[in-house]
Structures are given as structure tokens and as C-alpha cells.
There are 4 protein chains.
Amino acid sequence: MIPRYTPDDFAELWSASTRYAAWLSVELAACEVMEADGRVPAGTAAKIRSLNLQLDPMRIEEIEKTTRHDVIAFLTHVEELAGAPARFLHLGMTSSDVLDTSLALLLVRATDKLIERCDRYIDALAKRASEYEKTPMIGRSHGIHAEPVTFGVVLAGHLAEAKRGRTRLSAARREIAVGKLAGAVGTYAHLTPEIERKTLASLGLEPETVSTQVVARDRHASLFFAMASVAAGIERLATNLRHWQRTEVREAEERFQKGQKGSSAMPHKRNPILSENLCGLARVVRAAVPAALENIALWHERDISHSSVERMFVPDITTTLAFMLDRAAGMVDGLVVYPEAMKHNLDQSGGLFFSEAVMLAMIQKGRPRQKAYELVQQSAMKAFHGEGAFLDNLLADPAVIEVLSEAEVRRCFDLDHALAHASFIVQRSLAAKEG
Amino acid sequence: MIPRYTPDDFAELWSASTRYAAWLSVELAACEVMEADGRVPAGTAAKIRSLNLQLDPMRIEEIEKTTRHDVIAFLTHVEELAGAPARFLHLGMTSSDVLDTSLALLLVRATDKLIERCDRYIDALAKRASEYEKTPMIGRSHGIHAEPVTFGVVLAGHLAEAKRGRTRLSAARREIAVGKLAGAVGTYAHLTPEIERKTLASLGLEPETVSTQVVARDRHASLFFAMASVAAGIERLATNLRHWQRTEVREAEERFQKGQKGSSAMPHKRNPILSENLCGLARVVRAAVPAALENIALWHERDISHSSVERMFVPDITTTLAFMLDRAAGMVDGLVVYPEAMKHNLDQSGGLFFSEAVMLAMIQKGRPRQKAYELVQQSAMKAFHGEGAFLDNLLADPAVIEVLSEAEVRRCFDLDHALAHASFIVQRSLAAKEG
Amino acid sequence: MIPRYTPDDFAELWSASTRYAAWLSVELAACEVMEADGRVPAGTAAKIRSLNLQLDPMRIEEIEKTTRHDVIAFLTHVEELAGAPARFLHLGMTSSDVLDTSLALLLVRATDKLIERCDRYIDALAKRASEYEKTPMIGRSHGIHAEPVTFGVVLAGHLAEAKRGRTRLSAARREIAVGKLAGAVGTYAHLTPEIERKTLASLGLEPETVSTQVVARDRHASLFFAMASVAAGIERLATNLRHWQRTEVREAEERFQKGQKGSSAMPHKRNPILSENLCGLARVVRAAVPAALENIALWHERDISHSSVERMFVPDITTTLAFMLDRAAGMVDGLVVYPEAMKHNLDQSGGLFFSEAVMLAMIQKGRPRQKAYELVQQSAMKAFHGEGAFLDNLLADPAVIEVLSEAEVRRCFDLDHALAHASFIVQRSLAAKEG
Amino acid sequence: MIPRYTPDDFAELWSASTRYAAWLSVELAACEVMEADGRVPAGTAAKIRSLNLQLDPMRIEEIEKTTRHDVIAFLTHVEELAGAPARFLHLGMTSSDVLDTSLALLLVRATDKLIERCDRYIDALAKRASEYEKTPMIGRSHGIHAEPVTFGVVLAGHLAEAKRGRTRLSAARREIAVGKLAGAVGTYAHLTPEIERKTLASLGLEPETVSTQVVARDRHASLFFAMASVAAGIERLATNLRHWQRTEVREAEERFQKGQKGSSAMPHKRNPILSENLCGLARVVRAAVPAALENIALWHERDISHSSVERMFVPDITTTLAFMLDRAAGMVDGLVVYPEAMKHNLDQSGGLFFSEAVMLAMIQKGRPRQKAYELVQQSAMKAFHGEGAFLDNLLADPAVIEVLSEAEVRRCFDLDHALAHASFIVQRSLAAKEG
């Protein structure tokens, strides 16, 4: 989390205040359930709630310097502020009951924010995909002109991918919406499954099937992967945008803002720096996945090695992805598209991309595939090396004309036919639930 | 894929013969649909099927040396064997239509095998978790004795984790059960969505929402992550087994086979080498995830950079996980458990793990938490340093006895009470669908 | 960089003030060289230096909101403060000349701090390795008792590894002590190699052999790897400490500070939390290596995708490693060692670890290796299963006594002999330059 | 290691025969030293050597099925073949003495092969960098035309990077040219440092400073990183080649071989598939680095978790890099360069890249940097949007002409001046020892 890449709501979400507030909410939720159970005097939680405690993160950290234990420091501070009733908090609980349950609360909140942003990104892609549904451009494989596509189809591909990313975020949300109130080693030694169930339900969470001291870390790894997969989808779009914006291609570019300077040395430059930034950030998000996987194999009923990883990567990675989604949505919204440049590039191939249609026509006339391939390649290679146009070369080749009439050859050179299914594809992507 | 870690069925699955057979099955499935569509003479596929072609991988590789293109080499070979009808294969298709669709076929098969193995691993865990449902052992956090658990609860935790892994494999199976027959850039220029839909349906696959030249690679990344998460769960079990088998702990160990030698120098040693092996293999499986994520951002309508990664890691990682699941299931089946050693270790703590019960009892008698904590810590620390037993120290401390009667103190030292919910936990894990 | 894991000097090093001060130092160094060259009026740099500018990071960021270019914002702010002479700064330079050269300055400073800390860690290990040079403990392979070592030898192994880490940091320091003043695409279009050489020399840096717009990123990847290798060495020590501190082993433990609480629920617990924390942080440091490697393949004369990765990971990872080294050095200094516990654990094996000596003695008397192995294994396995002591079993076995006299058998059970080379090993490690 | 990516010498190097031969060479080298020491009857090694044993890997694996221990199986097989003298092999040694020492032998051989291949790649780059030392092309930052470079300078950058990679391979070779003959836990319990020193010296290796049962794994991690850094350098070149070969750029392309087919559907296509393949393989090589780092923290005197990782990744990664270096060298050798296309693309910018020269000229005439920047940007932006040529716009702008004479403006548009230092850069790279 560096300010440059931190949306305000994530700065707030991962602040010390929010964290301690979440801890208190877990303690109070548990306290209320224990009141009903008779373990704690009725009204304890209500009394503490009524005080509307203003927890002081600085004070808690000061106490922690002595106790070297964050939850004990927190409880000490709550007792400082709330007095006697506070002693009934945390009864029979272990630190991780609070920590992991509130981590679940915060991760659910973070994931909801990510899903919401993902929806905005999806909407932006859907809008632009519709807009350019029928705008032809050259499709490229290996960076080389292949056959025509439409820009809408291309964006629809990114849209479908974004929807799959969203589906993975949703699945991961279910995986991490899990807390525990099961005590030091997960046995409910001083608690009951019932207390846990009710407390977690009041917080919108499910109980861990089998806790150790903590909630199992494969759940968190799933969330990290889901985030990395969304980031990789954005990286693919950003990489493509970088290609589109190349000087030689210039089919689309990032919105260049008034006053923005592209280079301290070259005033005329307009660089796809948002896209490049997104590519870098995708590496950052991806980097956390192996660490999250290494966090799974905690020893016995838990060790605390995962904690430092999470202290750094939980805020960092959720925040970075939030920033990426904001930026990506804005990038799509503001994308400047040059259909005429797309047309221009498409035309440069001199119809070479119709070679397959010609080949297929010859096969359908009974020529063996390899023979047809060679015939077409001859005319194509000549054109590629500047000797005549592809269509002319074909028409001038007796071996071709022996098989296809001029009209039949010309019929192969039909862009509308090549793109006849573009709208179908775009519509399928728009309609898809999960991409 | 090295022979040492390759189950026979995976050696078969990833052989050249199986691959070319899958290609042929895709070509023939498409051919049949195109026959119905009138594009290809009726009976073409049937004619080729009737020849029961014996494809020769060596011959295909020989042809590829000239063509430098594997699918063309394959088609050339099919034409060598099947003659004229073969020229109607691959009509309007691009190499990736065959390659990605058959990759989907093979990955589905691989994933089904993994799920099946995962089920065996789950069954093994379930059986042993039931068996030791009530066998007490000391729970450990940070490697330090904490409070009692049962061995069944511990295994139930691994069981729940394995079920979650299985759920992720199933979800990933849905993600990769997707093929494409959409031509060079995904536009169905010489095909139709209908031909694709029917062909894929006959192969048990869904069509990609929006193809480029290939099926989107975020799908494959999901499968790699699902595999890594299963591997990490096995790693956690293997790590715990390595702890249990330590000379000083010896609560459980791997089955030691007749004739097996533990060390070339130390004849008495029995080492948890299967578990250590599994820990290493989990690193291998994990290593593929970042590469799979990097594969997503292909350029434009595709580049072929993902291919070399997949040629190596698709067989390697699916096979390694299959081997891990076999080994892990066998390890659980054969696990030699020493309940008396568990009892012995549990007793060594001198009941220190009942400290929390005592503390809670004092809090319930109205003592502030911090005060209760200090009182208990005094007696505990004495015992920890060899001065008296914990229970005796408590009973000898006037400040304790002022709060709790001797009977009340003794009541805190109750193992059955501490483990009262163990069966509930094990049963919940057994019953859980998704862990 | 989160406060919890950030040493003060690293907070300072990666502050905005330090960054802008470094930029200014590069601009002024270049300016002085250009004055000598006649490109800039003599005395320009001196004039600016004399103003002792107080750069205001907040103001620079404000300007950047308009320019969207950090170096231009910086230069604008310098001109605000320094007036006319400032316009001669940055002459013929490109942003990256400033950014990459000052990044080199800061990374050199960071690496020097890491090396210094590494030296403190090395010193701590050397001191304790000497202290326990002859303290016997059981060596363990696979977590199972093997043959005796000394605790000094074990620490000497960590020492040698730390020295190798230091060597890698030094090598990486040379790799990243490289700047550039070569203009927009590295061609010195408006500068000269001579200006670059002199400017960098005055800053303690070498020129990049061939710049693009930036210094090559394989250099930075080397530093990230060197850091990860040091972190992994610490992880190995921390992992071992976690083993030593286990309840059943308790051969050494982390210093437990007055007032520290091990657990909110279990007052008696003393957990190796520093070591576990270090294991987690090693994962974080390791996580950056793949991202640093991905940063290498920038497009053409550069893209800016590496920048976001470095904005996050350069401060994060250098700082985290500094924290780790501090913590590791303190951990070693404060390590509480229990030689009597080591002796106790060693004795528990009943001399089983002398089995190899017995086997070798039999081989030297001419018995085939496999036969000797089996004879020893018999007595060992009995002892292992509680039937008699190993030595007694051997002496009671006629097949053994046929080969070795009682005196010869007893001579094999000699701890001093087994550890005769321990001091040599420790001294070799202390003396080693590079581990 | 899949046949497709395995050079013959690496297939040989990592074969079972070579492995067992290396084991035997270690055993015999140790035996000879022990003969001199009097531990083993003189002539033992000579006798075995004279038998010229034909080890049978299949037989060893068969024996291993019973012993479940590879070195014991190997020794048993040697005894089968060599009879009595074989019983003096392995005396006082532990399996890892053989395994890790022979791993060092094989890794040294592998690294030497990699360095040799790296030299061929370096030579190829050097040759082409010289060839195109003065061939102008447009330099690109962010994929956007920036200022001119020469193709030689670009290749010289790749050359310098390759040399740095070679330096890292050499350093890593020193790190892994380390064996051990120190017994079960590294204490020379039944051996001596002297025996180790002499044995290793005869094999060209150094002794590990402090062994555990094994050689320390940070050494191997260094080699994996060195390999990944070389691969990343190749990835950068391959990425650039993919850009050069783009249809719209076509400044250089891979040699297209006779008979090669670019696409099964589009006969005219010439795709940079070697480069794409190299980009994918760089991901594979990179993937092993985290696993190698995880291998470092072995437990106590060793566990065997690293072994499975190394069984897979040691052959895989060394072989893959060997293949990459071969392919990259061939790619550079065969690179088809189109200087006229470079010229064509360069000219398309209409001299916009001279904007900085104009800006600097105005600054030197005393205009404030920001003012100069704006003036130049005006003319540049007009040109960029198709309104006039950049030079004409400048000359037509009274605010420009007020500062610079027409001659002064025209002087800024000088390509030779812009590339004046190109040869210096190329020569510096050719001369550099370490890049």
C-alpha cells in the first residue's frame, strides 16, 4: 500500500482504526451470544456499545510494546476505556478467534469492493464492445496480420475474461467468509459450536469446518489466486492496448489528459503509461500467490509464520487490485479508438487474409489440401514480397484459374462474409453470466 | 514427468499416441457435423473410422522436421494412411481448433483422474479420522504444547481441506472443459457457431464464449492453481507427519516396509521420506502457477509463448499431483499411530494446558482477566521450570484458593470436558460436502 | 513497508524527501560536469547549492497532478524555489537519467545498510558458534536422531551460509552501482559518454555498458535474488530454532522478555514467534524475485511496467530484509541454550547412533557390508522397540562377538571420537571469507 | 526434459548411466584416497577400475524396489559385478557424500556446457552488433517512436546483458563446484577433512565449509537464479524480435526455412515462433527459482524434501536453458534484417524525434525550459495530428523564429549528430568483460 496506488476506501479499510473496530465487533457479537447462554451477565455488550468507545490505535501499540501480544494489548485498552464490563469480553476465546474472524470480516468487505469495481470494469467493457461490435480490424496471431475481426469481438473477449475473474472472486468470497470461535486449538474447550454458529451468523460468516487455532489458509490462497487471475486479465487488455497504441499501429490509445506531458525530453510523445503501469502491477499481484500457498502448511494446530505475510500482502494486494480495476475501467471508458486506422491497417494486407477462403474453395472443388495450400502460398508469397497484389496474382495463375472461375475467386474476398458472426459473438459475451 | 513419479495411466495419457488419437477424434467429430451440414461428403468420417488408423508418432515427427508445423504434419500423415477422404478433414479449421479442443479433452481426462484419486485420499482420511475420533493428543501451537485435541480432529482438519481441494478441482474442470472450433481468429470465418456447438457437445465440451485463435488461458491457470492448492494441503499433512515421526515425538509414523533401509550408514533409522518427498513435490506443483498466470496475457489474437510452458508443465504437474495423491492416500492408509505415545506426550505437560480453564474459572468468580492471568502464570511458570506440579502449585497458592475451592480447581483438570466436542467436529467434517 | 517491520533508517531512506534529495544531487552533479564542459554557465550548481533548497514533497505531488510526470513536477518545483539557474538543470537529459541514477544511489545505500546488518548477524553467529564449539547435541536427519554433532558446528553452518549471502549482496551491490546519463534512448544524443562518466564517478557509480532509456533490469533482479538468498538462510536458522524450542525438544529458545505474554489463553506458553515471523517474511522477500525477473524484458528502449513493481517492492523488500537481519541478529545474541537438554536428548538414543561405527568395525574385520549392516540392524531394532540397550544387545549377539571383541565393541561407543573434528569445522567456518 | 527441447548432450548428461557412472567415480576417488590412508587395502580401486564395470540402471532400480534406498541399491549392484573388493567402497561414508558430490560433478559439467553455449550466443550477438553498428532505426520507449538509435546499439545492449548472464553463470559454477565427504551429519565421524579434501581435489571440487548431511542448498539456488537471469535476457531479445517482426514494423525477422509453413490456414504468414517459444521457456526457467529458494531451509542436518524438486528441475531447467541458448544463438545468426524498413519507419515520424534538440537549442538561447517545451509541443502536436510537417510548423511559428534562426532550427534535424556516439557504445559493449 503506497499512497500512489491506494484508493481512499482501501486506505480506510486497512487502517488501524478499522482493524480494532472489527476486533471489537467480534468481541461484542460473541459477548451477546454468551449473554443468551448465561455465561456472561446480561447487558454486558449493550453497556459497552452504549459507551461508543473511541479506541486509540496509538495507545494499543504502546501497550503492545510491553505485552508483545496485540490482542492482549487491545483488550487491556478496552478495559481502560470500558471498565468492569470489559472483563467479560473474550471469555473462553483465544486471540485467533478474534483475529481470524475479523480478518474474514475485512476480507469479505475488501472482496465486495473488488467485485463492485469488477462490475464497473465489466460494464465499461460491455459498453465499448457493443459500440464497436461491427468495426473491422485485422486480427493478429504472433503479431502478424491474420484474418479480420471486429474491435467489438476483441473487447468482448476481454469482457468474457473479466466475467470469469468476477466469478472467481465470488467463489473466493464464499471461501473466506468463514470465521471461528473454537478456542486455542479448535476444540471448543471453553466454548461451544452453538456459540460459534450464532456469533458468526450475526456477523454474516460461516464457521470453519475444522479449525485449528486458526481458519485454514487454503481459503486465503484461493482469494489471492482469484485476485491474480483478475489482474492477469487486466494485464492482457493492457498489453493489447500497448500494441494498439504503438506508433506504427495507432488503432486505439489511452485518453491523454490536458496538461499531461508524455516525456520530459520529447514533447510530442503520447505513451500508454497507464497500461504499462497495469502490466507491472499484475506482476505484483501475481507475486503474492506462491507466498499465499506457502502459508497453507502451518505446523500442527498453527504457527504464526503466515501472519507477517498477511500483514503485508493482504492490504497490499487487495488494494493494488482495487486500484487496477479503477484504472482499467477508466482506461476502457476513455479509450480513444481510431476505426479509420483499423481500416487502414486492414487494407495494408492486400487481402492476403482471404487466402484461407481461396484455399477452402479449391479444396471444395476437389483439390487436395496440400496442393491448394501450395497454390495459394505462391500467390501470397509473391504479394508479400511486393510482386503484384494477391488477388491479381491468383487471377493470373493458370493453375488457380483451372480450378476456380474469376467470380469464384473474387467471392472469396468478402469482408462482410468473414465477419458475419461478429455480432453473435459479442452478444454471447454480453449475455454470458460467467464469461 | 520422470518415471519415478509417473503413474502408469498418466504415462499413457500424455503419450504421443494418446495426443494424436485425441487430435483425430476432434477432426472426426467436426467432420461428422460438417457432413450433416453438407460441407463434407456424407460418410467421410465413417470411412476413416472404419480404417481404424494406426497413427505413427515417429512418422509425424519426421514430417514435422520439414513442415515445422505439428498439425500440418499430423494431417499429412493421416492423408498418407487414409487417402482421399482425409482431405475433407480440418475444413475451415485452424490448428488451434484441433489443439485446444484436444487439450481440453485431455485435461478433462486428467482432472477426472485427479478427482478420482482425491476421492481415494479423502476416503483414507475419513476412515482414519473416524478411527481416532476420540484419541487424545496434545494440540500444539508454535510447536509448543497448547491444549488437548484428538488425533481424529486433526485428521478431520486435513479431510476438510482435501474436500475443499476437490471442490476447486471440480470447479477448474468446468473451466477447462471448453473447446473451440472458431477458426484462425475466433470469428467462424469458415465455420459456424452451430458446427462448433455440435462438435464440442459430441466431445463433452462447451464452446469458448469468445475465442481468439485459442481458448483463453485464464481457464488453464485456474486448473494449475486448483492443483497447487491440493498439493499444499498434502504438504500440510506431510509436514505434520514429519513432526509426529520425530524421535522426540514419535506419535505416528509412515509404514516402514520389510526390507526397506532407512540409511546406508545408520541401520536403525526410520525416516519419514514419503512425507518429505511430498513436501518437495508440493513446491514443484506450486512453481507452475506463476508461469500459468504469465501465460494469460497472450498478444492480440494469440501468440504461441504459452505452448512451451504447457508442453512441459501440463504433463509434469498433472502427473506429479496424481503421484502425490496416490502416495498421500497410501501414507494415510498405512499410517502407524501410537496412541500411547500421544498419551505420554500429553501427560508430560503436567496439566499445564488446563491453565486456561483455571483462569476462566477465576474470571467467572469475578476476578479481572489480567489478575487471573497473572495468578495462573505464576503457578504455571514454576511448574514449567521444574518447581512442583502445576495443580499442586495452584492448590498451594493462597491467592488462588481465596478464589476457587480445591474441588473447583480440580474440576478444571478434566480431559473429557476439554474434548467434549471432538466427535461433533469429526462428524461435521465427515458430513461436509465441500470441506 | 509497514511500520511494524520498518527500521527507522529505512523509513528515512525511502521517504519522499530522500528521494527528491537524491534527484537533486544527480541534477547538480551533472550540472557541475556540464559547467566544466561549457554547456552550462559556470557557477550554476554552486548557486543552487548555496540556496540549500528545502524541497517540499507535497508541492511536487500537487504539481504532478497536472503534469502527470514526476520529474517534470520536480523540476518545476526546483525552478519555483531556485529561479533562473534552475533552467540549466536536466539539460539534454531524460527523466530516466535522473531516476535510474538516483535509484542506483539509493539502492547502493540500502545495500550497504544490508551488508552492515549482515555483518552484525555474522558476528552474532560467530560468537555463539565459538561458544558452543564443543557442546554435543544429537544431529538429526529427517527429524530423526542420527549421529552426534555439536551445537557450535550447527551454528557454524548457519554462519557459513550467512557469509555466502553477504558475498552475494556484495556482488549485487557492484551490479546495481550503475547509473546512466545517456538521454532518451541511450545514445547520448544531447550528452556525451564523458559527461556521463564524470557525473557518475562523482556519485560513486559506473556507467551502464549499453543503456536503453534505462539501466538494464537484470541488475536489479540480481539484487532481489541476493536478498532472497539471505532471507532463505535466515529462514533455515529460524526453522531450526522452531524445532529446538518444541516442547519435546527444548534444546534452545528465543529470549522471552519480561512482561511478554505467550498466549492470551495459555499463560505458560513460550512460543518461538520471532522465528516464525522470520519464516513468513522470507516468503515475502522470496515473492519479489519472479516479479524482478519479469521486469527484465522491457520493450524496445524501455517501457515503464517495471516502475510500479519497483515502487512497491524496492522499499518493501530492502526494508523487510533489514528488519529480518536485525531480528535474526538479536535472536542469535539472545538465544537461550540448554546444553543439559541437548545432553539429555542425545542420551535418549541409547547410543544407537554408534551403529555405524560398529558396522564399520565389522567391515574392517572383513565382513561384507550388507552382512554387517544386518547384524547391526538387528540389535538396533530391538533397542528401538524397547528390547534391551543397543550396546547390551550387541554384546549378547554371538554373531557380533564372533567378529568383534567386547573391548572393540565398546570402543565404538565413543562420543569424543565422534566429535573429534568439530573444532576444525567451526574454525574453518570462522576463518572463511565467503562461507 | 521433453525430447522436443532436449539437446543430445543433455539427454546423455542426465541419463541414468551417466548418474551411476558419476557415483562410481566418487566412490573410486574416495577409495583411492583411503588406500593411501591405509583404511582400505591398496589396489582396491585399481582392481575395480580394471573391471571396467558396465553398470545396469535397470538392475539398480530393481534392487531399489526392495531396499527403497538408491545408494544401497547401487552399492549392491556394484558388489554383484565387482565382488569382494566392492565391500571397501563407501567406507565411513553416507549416501549424501556420494549423491551430493556427484551432483556437484554433474552440475559443473552442465554449467560448463551452458557457459560454452552462452559464449556462442555472445559471439553471435557481437557479430551482428558490429554488422549493424551504424544502421539507424527509430528508438522506441513505451512502444512509441522516441529518438533514433542504431540496430547495432540495440544488439549491443543484448550483448552486454548476455555477458552479465555469463558472469553470473561463472559465479554460480564456483558456488556449486563443492562436494562433501563428511559423513552422516557432516562431522567426519568415520572420515577426515583430509580424506575429503584429497578426494574432492581429484574430482575438481572444493569441500563444503560446513556440511550437514548435505551440501548447503543456497548454492544450488544461486545456479537456478543465474540460469533464470540468462533466460530473462533471452526473453528480452525474443520479445523485441517479436516486435520487429510485426506486420506493421517488419524491421527484422526470424529466418524462415524452406518448407516451413506458418499456419495451417494462412499460407502467407511468417510468424516469430522461435521467439515466442523462447519467451515461454523463460517462464519455465524462472518458475524453478522460488522452488530452489524453498529448498534451502532443510530441517536440522537435512531432510530430503529438496530431492524431488531437484530430480525434476535440475535436468529440466539446465536442459531447457541449453536449448534456449542454442535456439537464441541460431536466431541471432539467422536474423533477417531490413535496414530499408528501419529507415522507412524512422522517416515516418517526420523528424518529431528532433524535438528535444530544438527545445535544448531554445533553452541554450535562454528560454525557460517549460516555455521551450510548450513551444516545441505546439508544433509537434500539430504534426502529430496531421497538420503540416514538424519542421515546417516550427519555421512557421513566429515564437520559435524569434528565438532560433531557420539555420539553427534546421541544424537540430541532423541524424548523424544524433547517432554520433553509436559506435562508441557498440565498441564498449564488445570490449566489456562482464557486460
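Definitions and limits used
- Residues numbered from 1 in each chain as written.
- Chains lettered and ligands numbered in written order.
- Predicted model: local features only at pLDDT ≥ 70, side-chain atom pairs only at ≥ 80, totals over all residues.
- Helix = DSSP H or I, 4+ residues; strand = E, 2+ residues; numbered from the N terminus.
- Rg over C-alpha atoms; globule rule 2.2 N^0.38 Å.
- Buried ≥ 20, exposed ≤ 12 C-beta atoms within 10 Å, placed from the backbone.
- Contact = placed C-beta atoms within 7 Å.
- Nonpolar A, V, L, I, M, F, W, Y, C, P; charged D, E, K, R; others polar.
- Least-squares fit on C-alpha atoms with pLDDT ≥ 70 in both.
- Domains from an automatic or database assignment.
- Axes fitted to C-alpha atoms, helices over the stretch in contact; angles between N-to-C directions.
- Left-handed = near helix turned anticlockwise from the far one by under 90°.
- Pairing = 2+ DSSP bridges.
- Expected span 1.5 Å × (residues − 1).
- Parallel < 35°, antiparallel > 145°, perpendicular 65-115°, else oblique.

Turning to the overall build of chain A, a few remarks are in order. Looking only at helices and strands, one finds 19 helices and 6 strands in chain A. A globule of 435 residues ought to have a C-alpha radius of gyration of about 22 Å, yet chain A, at 30 Å, is considerably larger. Reported as C-alpha extents along the three principal axes, the dimensions of chain A are approximately 100 × 55 × 35 Å. Relative to its full complement of 435 residues, chain A shows a buried share of 64%. Summarising the internal contacts of chain A: among those between residues at least 6 apart in sequence, 75% fall at separations of at least 24.

Here we take up the interface of chain D and chain B. Listed per partner, the contact involves 41 residues of chain D and 41 residues of chain B. Contributing elements (two or more residues each) for the side of chain D that touches chain B: α4 (57–67), α5 (70–82), α10 (273–294) and α11 (305–334) of chain D. At 13 residues, α10(D) tops the list of elements feeding residues into the side of chain D that touches chain B. For the side of chain D that touches chain B, a count of residues per class yields 17 nonpolar, 16 polar and 8 charged.

A separate point is the relation of the copies chain D and chain B. Both copies of the chain are related by a screw-like operation: a rotation about an axis and a shift along it. Of the transformation placing chain D onto chain B, the axial shift is 0.0 Å and the rotation is 180°, giving an RMSD of 0.1 Å. Look at the turn and shift together and you get a two-fold axis relating the two. No C-alpha of chain D approaches the rotation axis more nearly than that of D:Ala287, which lies at 2.7 Å. A share of 100% of interface residues in chain D that are also interface residues in chain B marks the association as one of identical surfaces.

Attention shifts here to the interface of chain C and chain D. Facing the 78 residues of chain C at the interface are 78 residues of chain D. A total of 13 residues in the side of chain C that touches chain D trace back to one element, the largest contributor, which is helix α9 (residues 218–245) of chain C. Class assignment of the residues belonging to the side of chain C that touches chain D gives a composition of 37 nonpolar, 25 polar and 16 charged.

Moving on, we get to the domain arrangement of chain A. Residue and element names in this part refer to chain A. Entries for chain A in the domain assignment read domain 1 (3–88), domain 2 (95–344) and domain 3 (352–412). Measuring from the centre of the C-alpha atoms in domain 1 to the corresponding centre in domain 2 gives 30 Å. Between domain 1 and domain 2, the residue contacts involve 17 residues of the former and 23 residues of the latter. Of all the secondary structure elements, the ones that give two or more residues to the side of domain 1 that touches domain 2 are α1 (8–13) and α2 (16–36). Sort the elements by how many residues they give to the side of domain 1 that touches domain 2 and α2 lands first, with 8 residues. Here the residues of the side of domain 1 that touches domain 2 sort into 13 nonpolar, 1 polar and 3 charged.

Moving on, we come to the packing of helix α2 (residues 16–36) of chain C against helix α6 (residues 95–131) of chain C. Residues and elements named next belong to chain C. Relative to each other, α2 and α6 sit at 115°, their axes nearing to 9 Å. Crossing handedness for the pair α2 and α6: right-handed. For the pair α2 and α6, contact is made by Ala-22, Trp-23, Val-26 and Glu-27 and by Val-98, Thr-101, Ser-102, Leu-105 and Leu-106, respectively. Taken together, the residues of the contact of α2 with α6 sort by class into 6 nonpolar, 2 polar and 1 charged.

In this section: the environment of B:Leu91. Along the polypeptide, B:Leu91 turns up in the loop between α5 (70–82) and α6 (95–131). B:Leu91 sits in the buried class, given 20 other C-beta atoms within 10 Å. Spatially, the C-alpha atom of B:Leu91 lies 22 Å from that of B:Ile304, the residues being 213 residues apart in sequence. Every residue in contact with B:Leu91, bar those within four places of it in the chain, is listed here: A:Leu360, A:Ile363, B:Met34, B:Arg39 and B:Val40.

Moving on, we get to the relation of the copies chain C and chain D. The operation relating chain C to chain D is a screw motion whose rotation component is 180°, with 0.0 Å of axial translation and a residual RMSD of 0.1 Å. Residue by residue, 100% of the interface of chain C is reproduced at the interface of chain D, so both copies engage with the same surface.

All names here are of chain A. Of all the 7 residues making up strand β2 (residues 144–150), 7 are buried; the element is thus mostly covered by neighbouring parts of the structure. Relative to β2, strand β1 (residues 136–141) is paired through 5 bridges, and the arrangement is antiparallel. Bridging from a neighbouring strand, Pro-136 pairs with Thr-150 of β2. Between β1 and β2, which pair antiparallel and follow one another directly, the connecting turn spans 2 residues, one of which, His-142, has a positive phi of 60°.

Below, the discussion takes up helix α14 (residues 369–384) of chain A. Taking 1.5 Å per residue, 16 residues should reach 22 Å; α14(A) reaches 21 Å between its end C-alpha atoms and fits that length. Among the residues making up α14(A), those that are buried are A:Arg369, A:Ala372, A:Tyr373, A:Leu375, A:Val376, A:Ser379, A:Ala380 and A:Ala383. Of the surrounding secondary structure, the elements contacted by the buried residues of α14(A) are α13 (355–364), α15 (390–396) and α16 (398–401) of chain A together with α5 of chain B.

Residues and elements named next belong to chain A. In the contact formed by helix α6 (residues 95–131) and helix α7 (residues 151–176), the axes pass within 9 Å of each other and the chain directions differ by 165°. Taken together, the axes of α6 and α7 are roughly antiparallel relative to one another. Handedness of the crossing formed by α6 with α7: left-handed. Its residues assigned to classes, the contact of α6 with α7 shows 18 nonpolar, 6 polar and 4 charged.

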